[in-house]
Amino acid sequence: MSLEIPVDEILARVPERARTAYTNLVTHKSSRYDQDTGWSCAYVTQQDLADEMRVCLRTATRALSDLRTIGLVRVLAWPGAQTETQVRVGSVCVESPFGLIRMEQERMPHHQLVDCAIRMLVKANRMLEDSMSERE
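Thresholds, definitions, all that
- Residues numbered from 1 in each chain as written.
- Predicted model: local features only at pLDDT ≥ 70, side-chain atom pairs only at ≥ 80, totals over all residues.
- Heavy atoms only, no water.
- Helix = DSSP H or I, 4+ residues; strand = E, 2+ residues; numbered from the N terminus.
- Expected span 1.5 Å × (residues − 1).
- Buried < 20%, exposed > 50% of the residue type's maximum accessible area, 1.4 Å probe, protein only.
- Arc of directions from axis to C-beta.
- Contact = heavy atoms within 4.5 Å.
- Axes fitted to C-alpha atoms, helices over the stretch in contact; angles between N-to-C directions.
- Parallel < 35°, antiparallel > 145°, perpendicular 65-115°, else oblique.
- Nonpolar A, V, L, I, M, F, W, Y, C, P; charged D, E, K, R; others polar.
- Pairing = 2+ DSSP bridges.
- Phe/Tyr/Trp six-rings, centres within 6.5 Å; stacked < 30°, edge-to-face > 60°.
- Lys NZ or Arg CZ within 6 Å of the ring centre and 35° of its normal.
- Core = buried A, V, L, I, M, F, W, Y, C linked by side-chain atoms within 4.5 Å.

1. Regarding helix α2 (residues 16-27)
Spanning 12 residues, α2 covers 17 Å between terminal C-alpha atoms, matching the ideal 16 Å at 1.5 Å per step. Buried within α2 are the following residues: Ala18, Ala21, Tyr22, Asn24 and Leu25. Taken around the axis of α2, the buried residues stretch over an arc of 170°, which confines them to a single face. Considering only its buried residues, α2 is in contact with α1 (7-11), α3 (46-53), α4 (57-69), β4 (73-76) and β5 (84-88).

2. Side note on the packing of α3 against α4
Axis separation between α3 and α4 bottoms out at 8 Å; the angle between their running directions is 105°. One way to sum up the angle between α3 and α4 is to call them roughly perpendicular. Residues Gln46, Gln47, Leu49, Ala50 and Met53 of α3 touch α4, and the partners they reach there are Leu57, Ala60, Thr61, Ala63 and Leu64. Across the contact of α3 with α4, the residue classes break down as seven nonpolar, three polar and no charged.

3. A few points about the pairing of β5
The element β5 is largely enclosed, with a buried count of five among its five residues. In β5, alternate side chains face the same way, and those of Glu84, Gln86 and Arg88 on one face and Thr85 and Val87 on the other are all buried. Relative to β5, strand β3 (residues 39-42) runs antiparallel, the two being bridged by four bridges. By the bridge assignment for β5, Trp39 is matched with Arg88. When β4 meets β5, the two strands line up antiparallel, connected through four bridges. Within the sheet, the bridge partner assigned to Val75 lies in β5 and is Thr85.

4. Remarks on the packing of α2 against α3
The geometry of α2 relative to α3 is characterised by a closest axis approach of 10 Å and an angle of 105° between their N-to-C directions. Between α2 and α3, the crossing angle belongs to the class labelled roughly perpendicular. Contact residues: α2 offers Arg17, Thr20, Ala21, Asn24 and Leu25, while α3 offers Leu49, Glu52 and Met53. Along the lines of polarity and charge, the residues of the contact of α2 with α3 split into four nonpolar, two polar and two charged.

5. Examining α4
Between its terminal C-alpha atoms α4 stretches 18 Å, which fits the 18 Å expected from 13 residues at 1.5 Å a residue. Among the residues of α4, those classed as buried are Ala60, Ala63, Leu64, Asp66 and Leu67. Along the axis of α4, the buried residues cluster in a sector spanning 155°; they form a single face. Exposed residues pointing more than 90 degrees away from the buried face of α4 are listed as Arg58 and Thr69.

6. Here's the deal with the packing of aromatic side chains
Applying the stated rule across the entire model yields zero aromatic pairs. The ring of Trp39 is capped by Arg74, whose NZ or CZ atom sits 3.8 Å from the centre of that ring.

7. Some details on the nonpolar core
Core analysis: the biggest nonpolar cluster contains 33 residues, and Ile10, Leu49, Leu67, Leu72 and Val94 have the highest contact counts within it. Listing elements by their share of this core, those giving two or more residues are α1, α2, β3, α3, α4 and α6 (110-135). Examining the composition of this core, we find that seven residues originate from one element, α6, more than from any other. When neighbours within four sequence positions are excluded, Ile10 is seen to be in contact with Ile5, Ile70, Leu72, Val92, Val114, Ala117, Ile118 and Leu121.

None of the figures reported here should be taken as evidence of function without further support.
Printed below as a string of C-alpha cells:
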C-alpha cells in the first residue's frame, strides 16, 4: 500500500475557488518548481492572483486562506522583500519510519491518511513560519 498522498486528493477537500487559485499559482509565469522539496515558488500578489482568476480580491484571499488551512500553500513575507508564495506540488509521504506506527498506517482507511498528510503539511508550515519569525 502506498503511503504517498497525491496533492489532488488533498485539493478535493477545498472549494472550487481554492482549486482554481492552486492551478493559477502553479501555472503562473513566475512559478518555479523545486523537485527536491516538492514545492513551487512564485512572487504573486493576491491582486495579481485575483486578476488571473477573474474574481474580486476578497475571493482570491479566501481561496489562499483555504489552501493555507490544508497546508498546500505557505506565504513567506518579511520586511524589505517581496512576498513569496510557495505551493505544494509533490505528493506527501505519510509513511512512518517506525514499524508499529507503519503497520497501523497500512490498516488506516485512505481518508485518514489524507487527514494525516494535511496535518503534516500544516505542522511543517507552522514550524517554518515560527523559525522565520524568530529570525526577525
